[in-house]
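A closer look at the structure
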Amino acid sequence: TTPLQSVGSGNAGVPVSFVLSGLTSNTTYYYRLDANNSRGESSGGPQSFTTLSTLPAPVLTSPSNGANSVATSPTFSWTSVAGATSYRIMIATTPSALPSDPTSSSCGTGCVIDDIPSGTSYSPLNGILVAGTTYYWEVHARSPQQYGTWSSIFSFSTLGPAISGLSISPTT
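Residues numbered from 1 in each chain as written. Predicted model: local features only at pLDDT ≥ 70, side-chain atom pairs only at ≥ 80, totals over all residues. Heavy atoms only, no water.

1. Regarding the sheet that holds strand β7 (residues 76–78)
Reading across from one edge, β5-β7-β10 is the order of the 3 strands in this open sheet, with antiparallel pairing throughout. Strand pairing shows two members of the sheet lacking a second neighbour, β5 (60–62) and β10 (121–122), which therefore form its edges. Two elements, β5 and β7, share 2 bridges in a ladder whose sense is antiparallel. Within β7, the residue paired with Leu60 across the bridge is Trp78. (Pairing = 2+ DSSP bridges. Helix = DSSP H or I, 4+ residues; strand = E, 2+ residues; numbered from the N terminus.)

See below:
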């Protein structure tokens, strides 16, 4: 049920709008308009619309799934998706922080990157990813009218921290 909207009086057509959220992709929804005034109520006939399907998932290409000794400032890359005008990349220290819902507006606890690049690659700023850490990442395509299905979740581990202050002496 939507809230009542006052459209004034008269017998001319009046546009009526309502913002909907939480709709499922590729689903048909039905509605009807009801009007009432001091003379009574009138119900319009049923109408329908179908939401667009989601864009397909991109394929993650780099860093590869399970990669080890990855630099702390790698370039992430994935395949392009027809119809996409941007992408969303999320990188986290736990896979449970990454959403599966294409319309999700946030990354959970452990999220370190949530960004919207326009192309099929992304390079984080230095200092965001930490040495010796396992990360999980995913990407989905976006357009002004559609969200995309999230890619598979890939993991990678950054190269461990450099050892400093170590000296080796020969033994006799």
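Now that the structure has been shown, we can carry on.
2. Quick look at the pattern of salt bridges
One pass over the structure, following the stated rule, counts 2 salt bridges. Between Arg32 and Asp34 there is a salt bridge, and its shortest N-O distance comes to 3.0 Å. The partner of Asp114 in a salt bridge is Arg88, with the nearest N and O atoms 2.9 Å apart. With Asp114 in strand β9 (residues 111–115) and Arg88 in strand β8 (residues 86–92), this residue pair connects regions lying 26 residues apart in the sequence. (Salt bridge = Lys/Arg side-chain N within 4 Å of Asp/Glu carboxyl O.)

3. Describing the nonpolar core
In terms of nonpolar packing, the biggest core is built from 19 residues, with Phe76, Trp78, Ile89, Ile91, Trp137 and Phe156 touching the most fellow members. Elements with a minimum of two residues in this core: β6 (67–70), β7, β8, β11 (134–142) and β12 (154–158). A total of 4 residues in this core trace back to one element, the largest contributor, which is β11. For Phe156, the residues in contact, after removing those within four places along its chain, are Pro63, Ser64, Ala67, Val70, Phe76, Leu129, Thr133, Thr134, Tyr135 and Trp137. (Core = buried A, V, L, I, M, F, W, Y, C linked by side-chain atoms within 4.5 Å. Buried < 20%, exposed > 50% of the residue type's maximum accessible area, 1.4 Å probe, protein only. Contact = heavy atoms within 4.5 Å.)

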